[in-house]
Amino acid sequence: MAAGNGEVWIFGYGSLMWRPGFAHRERRPGFVAGFARRFWQGSTDHRGVPGAPGRVVTLVPERDAVCWGVAFRVDSRHRASVLARLDQRERGGFTRAWLELCFRAPARRRVRALAYVAETANPNYLGEAPLEAIAEQVRCSRGPSGSNADYALRLARTLRALGVRERHVEALAERLPQSSPEG
């Protein structure tokens, strides 16, 4: 189930899908079962600032849910540096979690993959809120990585390009001014 020879699969379900920022041998669409993608994590280091956090996605356990994203296979010689870089990038409340990742047909195989997930106990976790409140926060937030609205719109476009339409992401994107993506 795991990548061989010290390789690691990394599952991206947010900005890693379009901007991994690390060397990888392979990039493939895949999904994890039992999790939903939600804009419940505060971002004070990328899409917001301390005192005015943006909202980014995390994985939330949800029975019968499926979360599609992009998996990256990193070979053993880059593993340590890639993980150190991701630990730094995801330091704002995300922790490493090993999940079972499934690939699309025809190679319907499963692998063990690393994902960065924001748990409810982290200090930046914002949790569930009415969609209008999330949209207002996303519309108004900006951080060192750019506009929070552009992040949400880019996420929706990236998912559509994979053939995925998620109600939570689409409903948020519909409430945001359409602009060009920053990344």
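A few points about the sheet that holds strand 1 (residues 8–12)
Alright, step 1. A barrel is described by the order of its strands in space; here five strands give the closed sequence 1-3-2-4-5, paired in mixed fashion. Sheet twist, expressed as the mean angle between neighbouring strand axes with direction ignored, is 45°.
Alright, step 2. Looking at chain direction, strand 2 (residues 26–43) and strand 3 (residues 54–74) are connected through 15 bridges and run antiparallel. Looking at the pairing, Gly-30 lines up with Gly-69 of strand 3.

Side note on the environment of Ile-10
Alright, step 1. Position of Ile-10 relative to the elements: it lies in strand 1.
Alright, step 2. Each C-alpha atom, one on Ile-10 and one on Val-74, is 7.5 Å from the other, the two residues being 64 residues apart in sequence.
Alright, step 3. The contacts of Ile-10, once residues within four sequence positions are left out, are Leu-16, Phe-22, Val-70, Ala-71, Phe-72, Val-74, Val-82, Leu-83, Leu-86 and Leu-114.

Re the environment of Arg-37
Alright, step 1. Along the chain, Arg-37 falls in strand 2.
Alright, step 2. Residue classification places Arg-37 among the buried residues on the basis of a relative accessible area of 1%.
Alright, step 3. As for Arg-37 and Thr-158, which are separated by 121 residues in sequence, their C-alpha atoms are 14 Å apart.
Alright, step 4. Those residues in contact with Arg-37 that lie beyond four places of it in its chain are Tyr-13, Met-17, Val-57, Thr-58, Cys-67, Trp-68, Leu-155, Leu-159, Glu-166, His-168 and Val-169.
Alright, step 5. A polar atom in the side chain of Arg-37 sits 2.5 Å from the backbone oxygen of Tyr-13.
Alright, step 6. Among the polar contacts listed, one links the side chain of Arg-37 to the side chain of Glu-166, at a separation of 2.6 Å.

Reading the values: rules and limits
- Residues numbered from 1 in each chain as written.
- Predicted model: local features only at pLDDT ≥ 70, side-chain atom pairs only at ≥ 80, totals over all residues.
- Heavy atoms only, no water.
- Pairing = 2+ DSSP bridges.
- Helix = DSSP H or I, 4+ residues; strand = E, 2+ residues; numbered from the N terminus.
- Axes fitted to C-alpha atoms, helices over the stretch in contact; angles between N-to-C directions.
- Contact = heavy atoms within 4.5 Å.
- Buried < 20%, exposed > 50% of the residue type's maximum accessible area, 1.4 Å probe, protein only.
- Polar contact = N/O pair within 3.5 Å; in protein donor to acceptor, adjacent residues only side chain to side chain.

Keep in mind these values describe shape, not function.
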